[in-house]
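These are the residues of each chain, in order.
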Amino acid sequence: MSKAIKITKGLDIHLFGEAKTEVKDFLTPSTVALKPLDYIGITPKLLVKAGDRVEVGSPVFYAKEKPNVKFVSPVSGEIAEVKRGEKRVIEQIIINNDGNNQAKDFGVRKLAETSSEEIRSIMQESGLWTLLRQRPYDVIPKEDATPKYIIIKGFDSAPLAPDYNLLVKGERDALQVGIDALKKMTGVAIYLSINSQTVSEDITKLQNVETITFTGKHPYGNVSIQAEKICPINKGERIWYINLQDLVAVGRFFLDGKYFAQKLIALTGEEVLNPQYFRVLRGTSVKEIFANNVNKENHLRFISGNVLSGTRIEEDDYLCATDNQLTVIKEGDYKEGLGWVLPGFGKFSVSKTFPRGFFAHCSKKPFSIDSNLHGGERAYVFTGEFERVFPMDIYPMQLIKACLTKDIDRMEELGIYEVDAEDFALCEVIDVSKTEIQAIVRSGLELMRKEMGE
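Residues numbered from 1 in each chain as written. Predicted model: local features only at pLDDT ≥ 70, side-chain atom pairs only at ≥ 80, totals over all residues. Heavy atoms only, no water.

(A) Up close: the packing of helix H3 (residues 172-186) against helix H6 (residues 244-256). Across the interface, H3 lies against H6 with an axial gap of 7 Å and an inter-helix angle of 85°. Between H3 and H6, the angle falls in the class roughly perpendicular. For the pair H3 and H6, contact is made by Asp173, Ala174, Leu175, Val177, Gly178, Ile179, Ala181 and Leu182 and by Leu244, Leu247, Val248, Val250, Gly251, Arg252, Phe254 and Leu255, respectively. Along the lines of polarity and charge, the residues of the contact of H3 with H6 split into 12 nonpolar, 2 polar and 2 charged. (Axes fitted to C-alpha atoms, helices over the stretch in contact; angles between N-to-C directions. Helix = DSSP H or I, 4+ residues; strand = E, 2+ residues; numbered from the N terminus. Parallel < 35°, antiparallel > 145°, perpendicular 65-115°, else oblique. Contact = heavy atoms within 4.5 Å. Nonpolar A, V, L, I, M, F, W, Y, C, P; charged D, E, K, R; others polar.)

Structural data, given as structure tokens:
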């Protein structure tokens, strides 16, 4: 069964630095890291200490709020260091990779002979549960929860996003087993979102799932937008979603009985000398990916994820848990003399402040970008621009202000349960007030999460 949904609002941002469809041979990192801060709403409780030996799939820590949910090692080796920040918050658990890939054997299970309770238990014990996300709040689901439905995110519409046809090439069997496992565990409807560029039969021919083809502009690849069109989330309801490449890990586990830690990521951005795909391990050290492959002549910003909603990292940092993309752009730490006077022919513009905004044919041509805000933060003004790029049936400006004032009742009325911070990334791009809107929305979601005891 398949249907099509068209998203009429949004904005595609075309940048230089798209990854070529070539895959770099598997990189064996010397170290990897688990980063508890990648996961919203958990307090990590360590199961290991520096010097302990681990295998692929060995538990490293669990969540205090969800004690049965384990976070496991992607490599075999030795715990090198537990890095802590302010108030002794655990920021990273760094593991030295011995290169042996010795994996914990959980045993192969036939889904037909495995109960839904057993599937749930083994997914929590093996680390697979951490690949699931819940809306609202973008948190790992509770151990005993059952969602209203599940969305499998089968494409990404963000700038320079990786091609999912390539990410899961040759993994049809694993994808199918992953779907069957989720279906048997929950018994709810499962929707697979694809777009017109999804051509791989590894994706389009999957069974036991309803395929929905989305068309439009970014952010039509965001789960919140897709969920609103499939079936909106009301107060008290929960849905789950999982990235297509993470679904491969679920399927591989039930086929092989071992935790599958590999993934394909896209290295993108104008400051990358050779943008391409890399086969890596989860939590891999990005230092070895960036080595000799970025423009050292400029001051650079390194991002785990995309330029709109990714996480700023250092050159010697580690890949964030949920990301399939790394991006490198110029750092915008410069002042622009008479910037408001100059014509700005090459500058990005939506409101036609600069000449580029007047030429529709230019909108599909890639352009350069950096992190400069080209102005300072100022008071909010109602321009009506947010509604042009925000495709949900929600008043974005009013919801942002409700988050700022911590008005819980107003946030509920305006649809806080349906959104995530990434849905406001385009609003942040075109905002004349230069405000960190995603951070504001995230603070509102955190307030609601704590109020609701999630």
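The rest of the description comes next.
(B) Layout of helix H9 (residues 396-405). By the burial criterion, the buried members of H9 are Pro396, Met397, Leu399, Ile400, Ala402 and Cys403. Where the residues of H9 are buried, they touch helix H8 (386-389), helix H10 (408-413), helix H11 (425-430) and helix H12 (437-451). Among the residues trailing H9, lysine 406 stands out with phi positive, at a value near 55°. (Buried < 20%, exposed > 50% of the residue type's maximum accessible area, 1.4 Å probe, protein only.)

(C) Local environment of the pattern of salt bridges. Per the stated rule, a full pass over the model turns up 20 salt bridges. Here aspartate 98 and arginine 53 are joined by a salt bridge, their closest N and O atoms 2.8 Å apart. Of this pair, aspartate 98 sits in the loop between strand E9 (90-97) and helix H1 (116-126) while arginine 53 sits in strand E5 (residues 53-54), and the two are 45 residues apart along the sequence. What makes aspartate 98 partly exposed here is its relative accessible area of 28%. Exposure remark for arginine 53: the relative accessible area of 55% places this residue in the exposed category. Here arginine 282 ties to aspartate 246 by a salt bridge, and the two come within 3.0 Å at their closest N and O atoms. Of the two residues, arginine 282 is situated in the loop between strand E16 (276-281) and helix H7 (287-290) and aspartate 246 in helix H6; the sequence distance between them amounts to 36 residues. (Salt bridge = Lys/Arg side-chain N within 4 Å of Asp/Glu carboxyl O.)

(D) Structural view of the environment of proline 67. Mapped onto the fold, proline 67 is located in strand E7 (residues 66-72). For the pair proline 67 and lysine 45, spaced 22 residues apart in sequence, the C-alpha separation works out to 8.8 Å. Beyond its immediate chain neighbours, meaning those up to four positions away, proline 67 contacts Tyr62 and Glu143.

(E) Representation of the sheet that holds strand E14 (residues 239-243) within the structure. In space, the 6 strands of this open sheet follow the order E1-E13-E12-E11-E14-E10, with mixed pairing throughout. Each edge of the sheet is formed by a strand with only one pairing partner; in this case those strands are strand E1 (2-6) and strand E10 (133-135). For this sheet the average axis-to-axis angle between neighbouring strands, irrespective of direction, equals 30°. With 5 bridges joining them, E1 and strand E13 (residues 210-215) adopt parallel strand pairing. Within E13, the position partnered with serine 2 by the bridge is threonine 211. Sheet contacts for H6: strand E11 (150-153), strand E12 (190-195) and E14; angle to E14, the most-contacted strand, approximately 90°. (Pairing = 2+ DSSP bridges.)

(F) Spotlight on the layout of surface pockets. Its volume calculated, the second largest pocket comes out at about 690 Å³. Together, 28 residues line the second largest pocket, and Glu18, Asp156, Ala158, Ala161 and Gln197 are the ones closest to its centre. Broken down by class, the residue content of the lining of the second largest pocket amounts to 13 nonpolar, 11 polar and 4 charged. (1 Å grid on protein atoms, 1.4 Å probe; cavity = no way out; pocket = protein on both sides within 12 Å on 5 of 7 lines; lining within 4 Å. Points joined across faces, edges and corners; volume = space filled by probe spheres on them.)

These values are about where atoms sit, not about what they do.
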